[in-house]
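Descriptive analysis of the structure
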Amino acid sequence: MKTKKNLFLTLIACSTVLLSACSEDNGPNTHNGKIPEQVVEAFNSQYPEASNVSWSVENDYAVASFDMPEAKSAEAGKNKAWYQIDNAQWAMSDMDIPYNLLPEAVKTAFEATEYAQAPWRVDNEVDVITRHGYDETIYVIETEKHENGVETEAELYYTVDGILVNLVIDAEKDNDHSDMLPQTKPSDIMAWINRHYPDARIIEIDREDGGIEVDLIHGGLKHEIVFTASQQWLYTKTEYEHRHLDMIEQTVLDALKQSEYYTGDHNIDDIDRYETAAGDTFYCFELETRFDDDIEIYISIDGEILSGRPSLGHDSGTAVDEDIASFIAQKYPGAVITGKDHDDGYIEIEIRHDNTEKEVYFNGRHEWIYTKWEISIHRLPQEIKDVIEAAGYSLLQIDDDDIDVIETADKLIYEVEVETHGDDVKLIIENGVIVNVIRD
C-alpha cells in the first residue's frame, strides 16, 4: 500500500555507500566513518541522551539505531532515526515506549477492539512515529494470536486522539515503518485539500502505480482521498464508526433498516461514505449476516438502496503496488483492476475477470491470501451439484443469490446456501467434499 521515497543522490563523497541499498554496520559507529559529520551532529543535537549508537545506510538516508534511557524506551536497540545524507535533514523517528505510557485516548480506543481481547496477545512495546513535515504522531500497537496452528499478527495505527488510521495483518517481519518516510506533498493536491478540508491533519501520501492516495483526519473522521497520477480528484471515502451514526442522514438510516440483512445496529461492521467526481454520494454499510458472513449494502444520499456500488471513476487510475498488479496479471490474465480497498487489515483489490467481478485479498507482506466471487447456480460445476444432491439436498432449494467461490493456493471452496423446510444451512464444499454444514 505504500512506496518508498527515491530521491536523487547528490553527495559525491558518499556515492559508493549510497549505491548499496543497505549496508551493515561493521566498523565504527558511524558506518566505517562514511556518515557525514553534519548528519552525526544533527543526530547528537536531537538525541543527546542516546547511547549504543550504530549507523547504516538505506537508499538516500543515514539511519541511526540507538538506545535511550529506560524511562523513555521499553526495549534496548529498537529506536531508529532517519536523516537525509545530502543535507542532514531529519526525516523520521521510530521510538519504542512501554504500552502503559500510551495516551489514554489511544489505550481506550484500542482496548475496545477485538485485537485487545483473547486470543489476541498484545506486545508490551509500542512504536511512536514522528516525521518531518507531518504534525501527526502515530502510535503503532502490535498484537498476535495463535489459532488452529496458524499465527496471525496485526498492527493498529492510531493518532494521539485515538482515531484508527490503519490496520495491517501480517506486515513485514521486524517492520521498521520505513515505508512511512515523508513524501513530497504535491502542490495541486495540497491546494485542493486546503480548499475542501481546511486544517486537515495529513497522515500519509501514498504514490502507487496509477494514482495518489492521501489519508487525512478532518472533523474527527478519517478520509481517504484518491487522485489520478495527474493530481485530478477522483473520489473521497470517509470512515464512520457506530458512535458516528448520528452524523448520518436519517433518510439513509431509514433505508438501511428496510434491508432484509439489517437486524439492528449491532450487526453493522463498517460504514463508509463515498463522494465522487461524477457527482455521486452514497454509503456502504457492511453487515454481518445470519451465517456470520459480511454483505455490503449501498444506499444513495437520498435513501435509495442501490443494486451495487456506483462507479468510482477510476478503472484507469487505481493506485496498486507493482508487485500486486504483477501477481494479478499472471494469476488472472486479461483482468482489469477496478478498485482497491482495505478490509479488516487486508488489501482488497477488485478486478473484472472472465466477465466476473472478483475480490482478491493480500496481507501486509503483499502475499496473496484468497480470491472470492459470486456465481449463479447455472455456473455451479456439475460435480458440485452431484455432491449436494448426494448429501440429500435438492438443487431447487439452493439460493441463487448466495453462492460464493473462494480460491486459495491449495483449495477451491464453494459456499452454498440451501433453504430447507427447517433451518436454512450453508454447505462448505472444499475440493469437492462437504467439510462443514452451518445452520442458521
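First, a word on what this report is: a plain description of the structure on this page. (Residues numbered from 1 in each chain as written. Predicted model: local features only at pLDDT ≥ 70, side-chain atom pairs only at ≥ 80, totals over all residues. Heavy atoms only, no water.)

Here we look at the environment of D399
Heads up, the rule is: Strands here are runs of E lasting at least two residues and helices are runs of H or I lasting at least four, both read from the DSSP assignment and numbered beginning at the N terminus. Only protein chains enter the accessibility calculation, which uses a 1.4 Å probe; a residue is then buried when its area is under 20% of its type maximum, exposed when over 50%, and partly exposed in between. Note on contacts: a residue pair is in contact if any heavy atoms of the two residues lie within 4.5 Å.
Tracing the backbone through its elements, the reader meets D399 in strand β20 (residues 398–407). Using a relative accessible area of 16% as the deciding quantity, one classes D399 as buried. Between the C-alpha atom of D399 and that of E417, which follows or precedes it by 18 residues, the distance is 5.7 Å. Non-local contacts of D399, meaning those with residues more than four positions away in its chain, are made with E417 and E419.

Concerning the sheet that holds strand β1 (residues 51–58)
We apply this condition: What makes two strands pair is DSSP finding at least two bridges between them. The axes are straight lines fitted to the C-alpha atoms, using for helices just the contacting stretch, and the angles between their N-to-C directions are given from 0 to 180°.
As summarised here, the arrangement of the eight strands in space is β1-β2-β3-β4-β5-β6-β7-β8, forming an open sheet in which the pairing is antiparallel. Each end of this open sheet is capped by a strand with a single partner; those strands are β1 and β8 (164–169). Taken pair by pair, the neighbouring strands of this sheet meet at an average axis angle of 20°, ignoring direction. Here six bridges tie strand β2 (residues 61–67) to strand β3 (residues 79–84), and the two strands are oriented antiparallel to one another. Counterpart to Y61 in the pairing with β3 is Q84. Contacts from helix α2 (residues 37–46) reach β1, β2, β3 and β4 (90–98), with the element oriented near 135° to β3. In this fold helix α3 (residues 104–111) packs onto β5 (121–131), β6 (134–147) and β7 (150–158), with an angle of close to 140° to the strand it touches most, β7.

Section: a negative patch on the surface
What counts is decided by this rule: Each patch is built from residues that are more than 30% exposed by relative accessible area and take part in no salt bridge. Like charges join if they lie within 9 Å; nonpolar side chains (Val, Leu, Ile, Met, Phe, Trp, Tyr) join within 5 Å. Under the convention used here, a 1.4 Å probe and the Shrake-Rupley method define accessible areas, while residue burial counts only the protein chains that appear. Salt bridge, as used here: a side-chain nitrogen of Lys or Arg that lies within 4 Å of a carboxyl oxygen of Asp or Glu. For the charge count, each Lys or Arg is scored as positive and each Asp or Glu as negative, with His and the chain ends excluded. Note on charges: their place is set at NZ of Lys, CZ of Arg, CG of Asp or CD of Glu.
A cluster of acidic residues, E114, D269, D270, E288, D294, E296 and D344, forms a negative patch at the surface. Elements that contribute at least two residues to the negative patch include exactly β13 (268–276) and β15 (294–300).

Some points on the pattern of salt bridges
Applying the stated rule across the entire model yields 22 salt bridges. A salt bridge links K222 to E239; the shortest N-O distance between them is 3.8 Å. Taken together, the residues K222 in strand β11 (residues 221–228) and E239 in strand β12 (residues 233–240) connect sequence positions 17 residues apart.

Concerning the pairing of strand β18 (residues 356–362)
The element β18 is largely enclosed, with a buried count of five among its seven residues. Taken together, the seven bridges between strand β17 (residues 346–353) and β18 define a ladder with antiparallel strand orientation. Across the sheet, the residue bridging to H353 is T356, located in β18. Linking β17 to β18, which pair antiparallel, is a turn of two residues; within it D354 sits at a positive phi near 50°. Bridging between β18 and strand β19 (residues 368–374) involves five bridges; their strand directions are antiparallel. Following the sheet pairing, F362 is matched in β19 by W368. In textbook terms, the turn of a hairpin is the stretch between consecutive antiparallel strands, and for β18 and β19 this stretch comprises five residues, one of which, H366, has a positive phi near 65°.

Remember, this is a structural readout, not a statement about activity or role.
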